Each structure stands twice: as C-alpha cells, then as structure tokens.
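Okay, here's what each chain looks like letter by letter:
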Amino acid sequence: RNNLMEMTFRWYGADQEKITLDQIREIPGVKGVVGCMMDIPVGEVWPEERVAALVKQVEDHGLTLKVIESVNIHDDIKVGLPSRDKYIENYKQTIRNLAKYGIKVICYNFMPVFDWIKSDLDYQLPDGSKTLCFEKKDIPDDPQELLDTYSKGTNGFTLPGWEPERLAQVKHLFEIYKDVDEDKLRENLVYFLKAIMPTCEECDVKMAIHPDDPPYSMFGLPRIIKNREDLDWLCNAVDTPYNGITLCTGSIAEDPANDVYAILEEFTRRGRIHFAHVRNIKYLHPGENKDFYESAHLSEEGSLDMYRIVQALHDNGFTGFIRPDHGRMIWGETGRPGYGLFDRALGVAYINGLWEALEKKGK
Ligand code: CS2
Ligand code: MN
C-alpha cells in the first residue's frame, strides 16, 4: 500500500488575492497550490506563456502547481450546441499547454448556468465567525435576485464559477438550457469526455469532476453528479482512470441521503478520486430539511465525522491531491467568501493531524 497524499491550498493568483504564496508556504505540510486563471473567458485557450509564468511564480516560492481548479466548461458544450466542437478543441489545447508545465489534474464541474449555490455568504455563527450557509427558504424564485445578492456580498472578489460577464446573460443562459434534461446533459458530458480522453492520456493529465453543489436540482436546472449512482455511471460511461473525480465531502454530504464515507471508500478503491476537497458541514434542521452551514473542519463543530472521512481515503490507498475546502472568516479576516487564509490553514493542520495518526496506527 502506498499512502501518499499531497496537501494543497487553493490560490486564485496574485492579482485576485490578498493571500500571498509566502503565507501559504508557511502553512505546515502544504506542498502545492491549486491554481486557476479567472481572467481568461470560459472557452478560450489558456496561453502557454501564461501557464509557464504561473508555474514559475509558484515554484519560485517553494511550492508546486500540479492541480488546476477549474478549467471551466463552456455552456455550448454542456448544452450540446454545434459550436461545442470548437470549444472542445480549445479545451484540448489548454490541456496540452498545462501538461507541458507539469499539471497533473484538472478539476471541473458540469453544472448548468451556476456553479455552487448558497443562500448566505456571511452567516453569523455564535462564536463570532462567519460562514457560507444554505437555507432553502432564502433562495429566491428568481435567480437574478440571487445574483444581485452575490454581487453585493463578495467583498469585491469574483467568486469561482460566477463570472459576472457570463451571468449578465442569465436569462439567455436559462433559454439555451430549456431543452436540456438530465439525459441530454449526461450525453453531452460523455461526448465531451470521449473527445478529450485521448489528449488526457497522451499528456498524462487526469480530469476530476466536482460534484454538484448542492447535489440536487435548483431553479429547475438538471444536475447529474449528485450521488453514488451518478459517480458510478460517470466512471463506467468513460472507463479510464483519466476520467476521475474531485470528491468534495461537503457537496456530497449536503444531501443527507448520501453516505459520504461509503462513497469515499468505494471510489478511492476504484482509483478514481484524484483530488479530495475535505470540509465539514452542519445540518441546521436534521430530519426536516437539507439546510446546512459550512462549519469549521473539526468533527465536533459539524455533522460529519472527519476522522472517518480521512480514514476512508487513507485506508483505501488514496494517492491524490487533497485540500481543505471552504473555511469560515475568523480573527477579523475579510476576503473572498469561503477562501480566507486562517480557517483553511487550520483545516490543513487538522487534516494533516488525522492523516499522521492514521499512518502511525497502521504501522
Ligand atoms: C466550489 C466550486 O469546491 C469549491 O470550492 O466553490 O467553485 C468548485 O471550485 C467548482 O465547482 C469546481 O469546478
Ligand atoms: Mn468543493
């Protein structure tokens, strides 16, 4: 058994962040950053020079860049429009450009229109910290209202997957998805994956889909990566390890019907989890509805057993990349909701502690 995980930390880039690479370098156990290029419009090729410069910048700070989150998928690919082939060619070129500078895993998602959805980005916890929260009653019927709230509540930072230019056309986006049901979306995902797999194999770059957040339909839009069956379908539909998963424990557990531990065990054993997002959530009204907030990582602060989560990865031979997921805002920090420095650093320390305990117990 080869238990090698690589601890990483998401970083949005010097012009998009207050958090510096020097700060990340000082978090014990962090080996690499998970990078992105938020300024490149969805669908365009990531230029080779830009990739080279980013990798150099990260490596000059003693860190590695082997994971990208995300190279987002153009809506024309998700909808299955004829123009998708052009965007798929672009995607393949981006894969080649990334591979050339050492990128090994690309995280992406296949959610129509929106990336993750929360009702409150500044939910106040009794201990004084603030966090992301989802309460169904606070999700407006009109998605435009949600967008307006988001544009006010993000402290001037662009949220991942919520590109303002794209979402300015939210009505148009809903229009183009009107005939896309779950089956159609699945078909379009398989079309995309089959088209890019030869490039991934050639370049040794693994794709890792992020589950839908929350893992059920919102605003009548189809969602297809929600539970064990969906992940099993995905793995079988394109049966190669290059077609893999970003297992986000929070997103999966947001549907209490999902057995997050069993899912982690199964897909780690199947060699399909290339990237793990480890976070805890706290159900607000268990048994009544699916409302939750994103708690501190520590088990006792939320509803998930984080020891079992890390154990499921560890004991089943996980060798991928791992990162703490969203953190709360603590110690007066302000920043991109979910992506402050302090609480995520605490998450790293905690996950590393669990991992070390498991390692030593196993010997
Ligand atoms: C989410 C997503 O996991 C997360 O942090 O905030 O934005 C996630 O990065 C994307 O869905 C992956 O494509
Ligand atoms: Mn996640």
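In short, a report on the structure.

Rules used in this analysis
Residues numbered from 1 in each chain as written. Chains lettered and ligands numbered in written order. Predicted model: local features only at pLDDT ≥ 70, side-chain atom pairs only at ≥ 80, totals over all residues. Heavy atoms only, no water. Helix = DSSP H or I, 4+ residues; strand = E, 2+ residues; numbered from the N terminus. Rg over C-alpha atoms; globule rule 2.2 N^0.38 Å. Buried < 20%, exposed > 50% of the residue type's maximum accessible area, 1.4 Å probe, protein only. Contact = heavy atoms within 4.5 Å. Areas by Shrake-Rupley, 256 points an atom, 1.4 Å probe, with all protein chains shown as cover. Core = buried A, V, L, I, M, F, W, Y, C linked by side-chain atoms within 4.5 Å. Donors = N, O, S within 2.8 Å, 3.2 Å for Na, K, Ca; no water. Near = heavy atom within 4 Å. Polar contact = N/O pair within 3.5 Å; in protein donor to acceptor, adjacent residues only side chain to side chain. Nonpolar A, V, L, I, M, F, W, Y, C, P; charged D, E, K, R; others polar.

Once that is clear, we can look at the overall build of the protein. Along the protein, the regular secondary structure elements total 13 helices and twelve strands. In terms of overall dimensions, the protein is globule-like: its C-alpha atoms have a radius of gyration of 19 Å, near the 21 Å expected for 363 residues. The principal-axis extent of the C-alpha atoms belonging to the protein is close to 55 × 45 × 40 Å. Considering the protein as a whole, with its 363 residues, one finds that 60% of them fall into the buried category. Across the protein, the fraction of contacts at a sequence separation of at least 24, relative to all contacts at a separation of at least 6, is 75%. A total accessible area of about 14700 Å² is found for the protein, and carbon and sulfur atoms account for 49% of it.

Let us now look at the nonpolar core. Residues Tyr108, Phe110, Trp162, Leu189 and Phe192 are the most contacted members of the largest nonpolar core, which totals 105 residues. The element contributing the most residues to this core is helix H8 (residues 182-203), with nine residues. Once residues within four sequence positions are removed from consideration, phenylalanine 110 is found in contact with Ile73, Ile77, Lys78, Leu185, Asn188, Leu189, Phe192, Ile209 and Ile224. Counting seven residues, the second-largest nonpolar core is a separate cluster that includes Val34, Cys107, Ala208 and Phe321.

Now for the coordination of the manganese ion (ligand 2). The coordination sphere of the manganese ion (ligand 2), as far as protein atoms go, consists of His210 (NE2), Cys248 (SG), His277 (ND1) and Asp325 (OD), spread over 2.2 to 2.6 Å. Of note, the manganese ion (ligand 2) draws all its donor residues from one chain, in the sequence arrangement H-x37-C-x28-H-x47-D. Of this pair, histidine 277 sits in strand S9 (residues 273-278) while aspartate 325 sits in the loop between strand S12 (321-324) and helix H13 (342-362); the two residues are 48 residues apart in sequence, bridging distant segments of the chain. Among the residues examined, histidine 277 registers a relative accessible area of 0% and is labelled buried. In this structure aspartate 325 comes out as buried when scored by relative accessible area, which is 1%.

Attention now goes to the site of ligand 1. What surrounds ligand 1 is a group of 16 residues, the closest being Glu69, Ser70, Asn109, His326 and Tyr339. Note that an oxygen atom of ligand 1 is positioned 2.9 Å from one of the side-chain N or O atoms of histidine 210. Side-chain polar atom of arginine 323 to an oxygen atom of ligand 1: 3.3 Å apart, as the coordinates give it. Compared with its free state, where it exposes 340 Å², ligand 1 has 99% of that area covered by protein. Per-class residue counts for the shell around ligand 1 are six nonpolar, five polar and five charged.

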